[in-house]
Amino acid sequence: MTNAESGELDTFLGAGRRRGRGHFLTVALLALAAVASVMLLVRFLTGTDSPYYTALVERGDVVPLISEQGTIHGSGEVALAATLDGTVTAEGVPAGGRVEEGQVLATIDAEPLRSTLAADRSLVAAAEADLAAARAARDEAAAKLGRFEDVWRRSGHRVPAINELESARSAVARATREVAAAQARISAERSRLKADSEKLAAAVVRAPFTGFVVDRNISTGQRVRAGMRLFTLAASDETLEIEVPLAKAGNAQIAAGTVARVRLDAMPDTVQQATLARILLDRADAPGSRRAAFALENPPETVRPGMTATVEIALPARKGVMLVPDGALTFDPENSADRSRARIYLVSPDGEPRRVYVSTGAGDGKRTEVFANDLKPGDEVIIGWRNPPSR
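Being a predicted model, the structure only gives us computed values, none of them experimental. (Residues numbered from 1 in each chain as written. Predicted model: local features only at pLDDT ≥ 70, side-chain atom pairs only at ≥ 80, totals over all residues. Heavy atoms only, no water.)

Structural notes on the layout of surface pockets
The calculated volume of the largest pocket comes to roughly 320 Å³. What lines the largest pocket is a set of 18 residues, among which Ile66, Lys248, Gly361, Ala362 and Gly363 lie closest to the centre. At the level of secondary structure, the elements contributing two or more residues to the lining of the largest pocket comprise β3 (65–81), β18 (359–363) and β19 (367–371). For the lining of the largest pocket, the element with the highest residue contribution is β18, accounting for four residues. (1 Å grid on protein atoms, 1.4 Å probe; cavity = no way out; pocket = protein on both sides within 12 Å on 5 of 7 lines; lining within 4 Å. Points joined across faces, edges and corners; volume = space filled by probe spheres on them. Helix = DSSP H or I, 4+ residues; strand = E, 2+ residues; numbered from the N terminus.)

What to know about the confidence of the model for the protein
Averaged over all residues, the pLDDT of the protein equals 83, while 85% of them reach at least 70. Across the protein, the secondary-structure element scoring lowest on mean pLDDT is helix α1 (residues 3–46), at 50, and the one scoring highest is strand β1 (residues 52–56), at 94. A low-confidence stretch, residues 38–47 stays under pLDDT 50, and its non-local contacts, those more than four residues away or across chains, total three contacts. (pLDDT = per-residue confidence, 0-100. Contact = heavy atoms within 4.5 Å.)

Brief notes about the sheet that holds strand β7 (residues 204–206)
Spatially, β7-β6-β4-β9 is the arrangement adopted by the four strands of the open sheet, whose pairing is antiparallel. Looking at the sheet topology across the chains shown, the edges are occupied by β7 and β9 (223–224). Here four bridges tie strand β4 (residues 86–91) to strand β6 (residues 104–109), and the two strands are oriented antiparallel to one another. Paired with Ala90 across the two strands is Thr107, which belongs to β6. (Pairing = 2+ DSSP bridges.)

Side note on the side chain of Asp332
Locating Asp332 in the fold gives a position in the loop between α4 (326–330) and β16 (343–347). Ignoring any residue separated from it by four or fewer positions in sequence, one finds Asp332 in contact with Arg339 and Tyr345.

As for the pattern of salt bridges
Applying the stated criterion to the full structure yields 19 salt bridges. A salt bridge links Arg153 to Asp150; the shortest N-O distance between them is 3.7 Å. On the criterion of helical spacing, the pair formed by Arg153 and Asp150 is a turn pair, its members being three residues apart in helix α2 (residues 111–154). In this structure Asp150 comes out as partly exposed when scored by relative accessible area, which is 31%. Across the pair Glu312 and Arg261 runs a salt bridge whose closest N-O atoms are separated by 2.6 Å. You can see Glu312 sitting in strand β14 (residues 308–314) and its partner Arg261 sitting in strand β11 (residues 259–264), a full 51 residues away along the chain. Taking relative accessible area as the criterion, Glu312 reaches 15% and is therefore assigned buried. Because the salt bridges share partners, they merge into one network encompassing Glu58, Asp364 and Arg367. (Salt bridge = Lys/Arg side-chain N within 4 Å of Asp/Glu carboxyl O. Buried < 20%, exposed > 50% of the residue type's maximum accessible area, 1.4 Å probe, protein only.)

Details of the pairing of strand β8 (residues 211–216)
Two strands pair when backbone bridges link them, and strand β5 (residues 98–99) and β8 are joined in this way by two bridges, in the antiparallel orientation. Residue pairing across strands places Val99 opposite Gly211, the latter belonging to β8. Here β8 pairs with strand β10 (residues 229–245) via four bridges, running antiparallel. Bridge assignment links Asp215 to a residue of β10, and that residue is Thr232.

Some remarks on the packing of aromatic side chains
Applying the stated criterion across every chain, the model contains four aromatic pairs. Arranged with centres 5.0 Å apart and planes meeting at 40 degrees, the rings of Tyr52 and Trp385 form a pair that is tilted. Note that Tyr52 is positioned in strand β1 and Trp385 in strand β20 (residues 380–385), a separation of 333 residues in sequence. Given the relative accessible area of 27%, Trp385 is considered partly exposed. Ring geometry for Phe331 versus Tyr345: centroids 6.0 Å apart, planes at 85 degrees, classification edge-to-face. Of the two residues, Phe331 sits in the loop between α4 and β16 while Tyr345 sits in strand β16, which places them 14 residues apart along the sequence. Judged by relative accessible area, Phe331 falls into the buried class, the value being 5%. (Phe/Tyr/Trp six-rings, centres within 6.5 Å; stacked < 30°, edge-to-face > 60°.)

Digging into the packing of α2 against helix α3 (residues 162–201)
Running from N to C, α2 and α3 point in directions that differ by 160 degrees, and their axes come no closer than 7 Å. One element, α2, and the other, α3, form an angle in the roughly antiparallel class. α2 and α3 meet at a crossing whose hand is left-handed. Here the contact of α2 with α3 is composed, by residue class, of 24 nonpolar, four polar and 17 charged. (Axes fitted to C-alpha atoms, helices over the stretch in contact; angles between N-to-C directions. Parallel < 35°, antiparallel > 145°, perpendicular 65-115°, else oblique. Left-handed = near helix turned anticlockwise from the far one by under 90°. Nonpolar A, V, L, I, M, F, W, Y, C, P; charged D, E, K, R; others polar.)

Some points on α3
The end-to-end C-alpha separation of α3 is 58 Å, in line with the 58 Å expected for 40 residues at 1.5 Å each. Every buried residue belonging to α3 is among Leu165, Ala168, Val172, Ala175, Val179, Ala182, Ile186, Glu189, Leu193 and Asp196, and all of these are buried. Looking at the packing, one finds that the buried side of α3 touches α2. (Expected span 1.5 Å × (residues − 1).)

Description of the side chain of Asp379
Structurally, Asp379 can be placed in the loop between β19 and β20. Judged by its relative accessible area of 11%, Asp379 is buried. Separated by 3.0 Å, the side chain of Asp379 and the backbone nitrogen of Lys376 make a polar contact. Contacts of Asp379, omitting those with residues within four sequence positions, involve Ala55, Leu56, Val57, Leu346 and Asp374. (Polar contact = N/O pair within 3.5 Å; in protein donor to acceptor, adjacent residues only side chain to side chain.)

A word on unusual backbone geometry
Of note, the bond from Val159 into Pro160 is cis; its omega dihedral lies within 30 degrees of zero at -10 degrees. Summarising the element assignment, Pro160 is placed in the loop between α2 and α3. Even without a glycine there, the phi angle at His157 is positive, about 70 degrees. Note that His157 resides in the loop between α2 and α3. Relative accessible area serves as the criterion here: at 48%, His157 is assigned to the partly exposed category. Located in the positive-phi region is Asn298, a residue other than glycine, with phi close to 50 degrees. Looking at the element boundaries, Asn298 is found in the loop between β13 (286–296) and β14.

Set out below in structure tokens:
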């Protein structure tokens with residue numbers, strides 16, 4: 001074979017080897033593409049392989065919404081208190097119910113007072129007997145003095161002796177004082193009997209007027225003390241208000257005329273409108289607190305004082321704040337018993353949850369404002385389990 005022929009053969013064989021390698025690379029690339037396609041198809045059909053549902057931390061605006069429970073109040077409210085100690089043996093209409101003047105609201109069992117009344121009657125009877133005896137003694141002493149004075153006049157002041165006459169006069173004076181004392185005792189005993197009788201009559205608590213039960217603080221079998229508030233009644237339902245605490249609002253200022261949504265517990269699907277009437281400060285039972293009184297606008301006839309409701313109040317908007325879904329604040333892969341510090345969990349580069357302690361701010365029921373040094377928009381935050389671990 002000549003040198004030229006040998007060179008041509010080498011060129012032919014080299015080209016064949018290159019074509020073989022290229023074919024192999026093409027087949028390998030096609031195989032990898034097929035595997036990737038299968039993996040993408042499997043992931044599309046079965047979902048991500050991450051065990052978590054996630055969302056992105058975002059910076060944006062939020063209108064804080066606070067929700068508080070309250071009771072509908074009417075005008076002309078009056079509190080009814082217990083006038084004696086005892087146990088509630090019966091109760092009348094519930095809060096929100098209508099009552100008529102004189103209607104029985106509750107009955108208090110006052111057995112000790114009945115025993116006291118029996119003793120009072122015995123003392124009155126004894127005082128009456130003492131008075132009768134004192135009067136008889138006085139009458140007898142007066143009759144004796146009358147006889148002595150008659151004899152003394154007819155005898156020309158010779159008999160009876162002066163000391164006997166003075167003794168009879170002293171006896172009359174003494175008997176008269178005994179009568180006065182007996183009269184004072186019977187008056188006191190009768191006054192005590194009357195007062196205890198009135199207390200016993202007050203064991204039946206009645207409505208002083210026609211109106212509505214705003215609040216009921218007792219139940220059957222409950223022990224009450226004199227002075228304890230039992231009921232709050234409203235005389236009218238012409239003006240209806242609901243009062244709620246503002247502790248969740250923090251230092252946010254709520255302007256007069258703020259409109260809130262009111263959902264009655266008895267009619268949760270019906271939304272009432274209410275307007276801020278006033279802000280109340282420094283209640284006796286909660287010094288330093290703020291409460292808001294909202295007036296209901298055109299409430300239907302079915303809304304009455306005493307009904308409970310939830311008030312939703314929109315606070316001034318917070319702009320450009322860091323926000324996370326509310327689910328991020330409740331997710332806890334560690335099942336920690338200590339939740340005294342708010343926390344969220346971010347997805348770390350290796351796919352594992354990374355705990356971040358945060359301070360929370362306002363929320364709208366879906367998202368909450370959070371503060372943390374190592375948190376930025378776009379971070380992936382865990383909001384729940386996709387595939388919870390088996391227990």
